[in-house]
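Summary of structural features
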Amino acid sequence: MTMQTFLTLDLMPMLSGLLAAVTCGLLGNFLVLRRLSLMGDAISHAVLPGIVLAFLLTASRAPLPVFLGATASGLLTVGLVELIRRVGRVEPGAAMGVVFSVLFALGVFIMARGGAESVDLDPGCVLYGTLETLAWTGPPETLGELFSLQVLGGLPRPIWVQSVTLIVVVIFVVTLFKELGIAAFDAQSAAAQGISPTLMHYLLMSVVAGAAVASFEAVGSILVIAMLICPAATARMLTDRLRSQVIVSAIVAVATGGLGYTLAVFVPLGLGWRFTPSVAGMMTVVAGAFVALSIVFSPTRGMVARKVRTRRLARRVALEDLLARLFRAEEEGAPALASADLSRASRGSHPAGLERAAKSGLVSIEGSLASLTDAGRAAAAAIVRRHRLWEGYLVDRAGLSPDHVHEPAELLEHLSLETELPIPDAGADPHGKPIP
Amino acid sequence: MNPSASADATTSALVSRPEHSVDSPLAVHAMTVAYHRKPVLWDVDYDATAASLTAIVGPNGAGKSTFVKACLGLVPRATGTVEFWGQPFRAVRDRVGYMPQRESVDWDFPVSALDVVCMGRYRKVGWFRRVSRAHRMAAMSALERVGMADYASRQISQLSGGQQQRVFLARALTQEAELYFMDEPFAGVDASTERAILEVLREIRDSGRTVICVHHDLLTVAEYFDRVILLNMRVVAAGATSETLTDDNLHRTYGGRLTLLSEASEQLARSGQRQP
């Protein structure tokens, strides 16, 4: 592949996909946080009747009427959803489902009746877009020519439309960042401060509708819907601040676009396949894969991280129980216990628990007997101390009877508290054992 | 402001209801609120006392939260007027603070405790502008006042219920309002948070400002609040806690649930469903 073919054939579709991904990805953050993810779906389907009507009325594919028609029917969708939700008192998801399926069907119906399909507007384009047909007919010969007016003027029209849209969206998100945030987090106190959540809702929805329509022609509805949800959902798993979530969502969107295009075009090309998958389709698959990966592998909220944390906790509890048992045995005059007994009896632990304790120098194992080292004794004393303080606390302050406090104390002893527990009134635990 | 001119203007407006004073931080007159044709508040009249700590008390569904929201224009009023220092709410937004119920927001939202407190400054910051360092410092000192400075950068889902309530209180504080509405500030908090919140509320009152709280715990009303509104769709009684919180008044607020009025409203609601 030469530079020239890359510039002519690949750069524009790739750029168009990236622009759509970032534009929709940024806005998606506010939809996902307001639990309105389906609104992207609703709007991008429901714009169809607007597009078709504008198309039939003007009998052309002039961009402006199509854009206006589509945005108008996008806003009609938002208004209808709100109306049905209030008057019909149904949940927002149901209201969106009703509105967009009916409007989409209406669009298909008008398209068929009006003979629109004869004029180069077909349902396939609506779904997958026309990314592959975007070619750059006059790419620059040298890098220096790249920024000349003539070359830039030769860029395909969708690229221009999408670039302007992205700029508008970035300005929208940056300037109204805190207003969008508070309206999503706490609509009531936003309203009390004079930041109308209704106004923010319709502003956001107008921009979503505009962005969906602008991205629509090039990349199709499936990618628009995916990009309004997936990058934001991925970023949500990876961050816990709105600002970083928005930034990460943009990065994820770029990665989705780039990887999707590579997998759809360059990889099949490199492998010598004669079949090339749909670019928009592949980007959508990649977007979904990122969401799945983030759910499994997110360092803070992912499934793996949670499993690891639970395991670590279980290990610590098992170790502490083991040390406490040895400590109590010492108190009763048995300086060592049989390792076999220890590993069998302690809750949730296994032989590895004893080995780990030995390895970290808390327990020494001689033959079949295990005993506490000095370090182990200090650690164990702290645990038994917490246990007995808790028992005292539960009897003195919570009014439990002494024979009911061992079980809860057995759990509570593993908590690390910042505040020191009080010494029981009796000076010893409720069973008369000393506080270490 | 020219005092004589404003006095003239307000006197004429208040001729029909001389009981309302311009100094009153909150004057509610003949307010009725209905959800889906079922009245929730009926012909409510109330005049708040400045520099007081006032509790709104009443059974579930008595319209306590609705009273607060209707005063702030968060739910539409069917009839009636609400004035703050003799002015409509939109003219005095800066002077009125609001702390909604803790359950009304999504605590999994990606913001830190400090971010939430900064939201109390948004009106002062203004549209389109970023929260400046000075505003952040103000938010931080509000967090300090409620004993939450160490948790400023925690994501809010990692806070306990009591800590979340303190963050909400700090957000209200940083609004620097003269009249506060708080919806159940003591709901579901631990004992030490309850004491801390009460202390802050008393500081606000002692500095000459007014706090009106929806309160659910009848046992603590007399101890915590100097004034009380007993509410059950209507204002059953309002005034100083010591005089108002009588057995008779409480019985009328909580006991007589099936009054003529609630029966009438049930019927209204039923007929409303039949003929939409």
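Counting of residues starts from 1 at the beginning of each chain's written sequence and follows it residue by residue. In the order they appear in the text, chains get letters beginning with A and ligands get numbers beginning with 1. The predicted origin of the model limits local features to residues at a pLDDT of at least 70 and limits the giving and counting of side-chain atom pairs to 80 or more, whereas totals for whole chains, interfaces and linings rest on all residues. Side-chain calculation: all heavy atoms of the structure are included, whereas hydrogens and water are not.

**Describing the overall build of chain B**
When its secondary structure is counted, chain B shows eleven helices and nine strands. Throughout, a residue-residue contact means that at least one pair of heavy atoms, one from each residue, lies within 4.5 Å. Residue pairs at least 24 apart in sequence account for 68% of intrachain contacts in chain B once pairs closer than 6 positions are excluded. Residue burial considers only the protein chains on display, and all accessible areas are found by Shrake-Rupley using a 1.4 Å probe. Carbon together with sulfur atoms contributes 50% to the accessible area of chain B, which is approximately 12,800 Å² in total. Strands are runs of DSSP state E lasting at least two residues, helices are runs of H or I lasting at least four, and both sets are numbered from the N terminus onward.

**A look at the interface of chain B and chain A**
How big an interface is tends to be reported as the loss of accessible area on association of its parts. Across the boundary between the two partners, chain B contributes 38 residues, which contact 29 residues of chain A. In short, buried area is how much 1.4 Å probe accessible area vanishes from two parts on joining, totalled over both. Per-residue buried area on chain B facing chain A is highest for Phe109(B), Pro110(B) and Trp127(B); these three make up 25% of the total on that side. Just to be clear on terms, a salt bridge is a Lys or Arg side-chain nitrogen sitting within 4 Å of an Asp or Glu carboxyl oxygen. The interface formed by chain B and chain A contains five salt bridges. Polar contact criterion, stated in full: a pair of N or O atoms within 3.5 Å, where within protein one must be able to donate a hydrogen and the other to accept it, and residues adjacent in sequence count only if both atoms are side-chain atoms. Across the contact surface, chain B and chain A share 15 residue pairs in polar contact (both at pLDDT 80 or more). Going through the elements one at a time, α3 (113–118), α4 (122–125) and α6 (161–173) of chain B are the ones with two or more residues in the side of chain B that touches chain A.

**Points about helix α5 (residues 133–145) of chain B**
Residues and elements named next belong to chain B. Relative to the 18 Å expected for 13 residues at 1.5 Å per residue, α5 spans 18 Å between its end C-alpha atoms, a close match to the ideal helical length. Summary of the burial criterion: residues with accessible area below 20% of their type's maximum are buried, those above 50% are exposed, and those between are partly exposed, where the area comes from a 1.4 Å probe applied to protein chains only. All of the buried residues in α5 are His135, Ala138, Ala139, Ala142 and Leu143. Along the axis of α5, the buried positions cluster into a sector of 145°, meaning they face one direction only. In α5, the exposed residues that point more than 90 degrees away from the buried face are Arg133, Ala134, Met137 and Glu144. Turning to α5, the residues buried within the fold contact α3, α4 and α6. Where α5 ends, the next residue or the one after it, Gly147, has phi of about 70°, a positive value. Each helix should span, by expectation, one fewer than its residue count multiplied by 1.5 Å. The arc under discussion is defined with respect to the helix axis, by the directions toward the C-beta atoms.

**Some points on the pattern of salt bridges**
Using the criterion set out here, one finds 21 salt bridges over all chains in the structure. Close ionic contact of Glu82(A) with Arg85(A) constitutes a salt bridge, the shortest N to O distance being 2.9 Å. Within this pair, Glu82(A) and its partner Arg85(A) are both found in helix α3 (residues 63–87), separated by three residues, close to a single helical turn. Between Asp186(A) and Arg171(B) there is a salt bridge, with its nearest N and O atoms 2.6 Å apart.

**Details of the confidence of the model for chain A**
Within chain A, residue pLDDT values average 86, and 92% of them lie at 70 or more. Here helix α5 (residues 123–128) of chain A is the element of chain A with the lowest mean pLDDT, 67, and helix α8 (residues 177–185) of chain A is the one with the highest, 97. The pLDDT value tells you how sure the predictor is about a given residue, anywhere from 0 up to 100.

**Thoughts on the side chain of Asn29(A)**
Residue and element names in this part refer to chain A. Examined against the element boundaries, Asn29 turns out to sit in helix α1 (residues 3–33). Given a relative accessible area of 0%, Asn29 falls into the buried group. A distance of 2.9 Å separates the side chain of Asn29 from the side chain of Gln245, its partner in a polar contact. Contact partners of Asn29, with chain neighbours within four places excluded, come to Ala232, Gln245, Val246 and Ser249.

**Section: the packing of aromatic side chains**
How two aromatic rings sit relative to each other is set out by the distance from centre to centre and by the angle between their planes. The rule is short: rings of Phe, Tyr and Trp, with Trp giving its six-membered ring, pair when the centres are within 6.5 Å, and they are stacked under 30 degrees, edge-to-face over 60, tilted in between. Going through the model one piece at a time under the given rule, you end up with 13 aromatic pairs over all chains. Between Trp127(B) and Phe128(B), the ring centres sit 6.1 Å apart and the planes meet at 55°, which makes this aromatic pair tilted. Taken together, a centroid distance of 6.5 Å and an interplanar angle of 55° make the contact between Tyr224(B) and Phe225(B) tilted. We note that Tyr224(B), like Phe225(B), is buried. Put simply, the rings of Phe185(A), Trp107(B), Phe109(B) and Phe168(B) pair up and form one aromatic cluster. In this structure, Arg95(B) packs its charged tip against the face of Trp85(B), placed 4.0 Å from the ring centre. Stacked on the ring of Phe168(B), the Lys or Arg Arg171(B) has its end atom at 4.4 Å from the ring centre. Two thresholds decide whether a charge sits over a ring: the Lys NZ or Arg CZ must be within 6 Å of the ring centre and within 35 degrees of the ring normal.

**A few points about the environment of Ala48(B)**
Take Ala48(B): it is sitting in the loop between β2 (38–47) and β3 (53–57). Leaving out residues up to four positions away in the same chain, Ala48(B) has contacts with Ser24(B), Pro25(B), Leu26(B) and Ile212(B).

**Observations regarding the nonpolar core**
We define a nonpolar core as any set of buried Ala, Val, Leu, Ile, Met, Phe, Trp, Tyr and Cys residues linked to one another through side-chain atoms lying within 4.5 Å. The biggest cluster of nonpolar side chains holds 127 residues, and the ones touching the most others in it are Leu27(A), Met39(A), Ile43(A), Met182(B) and Leu201(B). Ignoring anything within four residues of it in the chain, the contact list for Met182(B) reads Met99(B), Leu169(B), Ala172(B), Leu201(B), Ile204(B), Val211(B), Ile212(B), Cys213(B) and Val214(B). Membership of the second largest hydrophobic core comes to 29 residues, among which are Val33(B), Ile56(B), Val96(B) and Tyr98(B).

**A short note on the side chain of Asp183(B)**
Residue and element names in this part refer to chain B. Along the chain, the position of Asp183 falls in strand β6 (residues 179–183). Polar contacts involving the side chain of Asp183 include one to the side chain of Gln101, which spans 3.5 Å. Beyond its immediate sequence surroundings of up to four residues, Asp183 is in contact with Ser65, Met99, Pro100, Gln101 and Val214.

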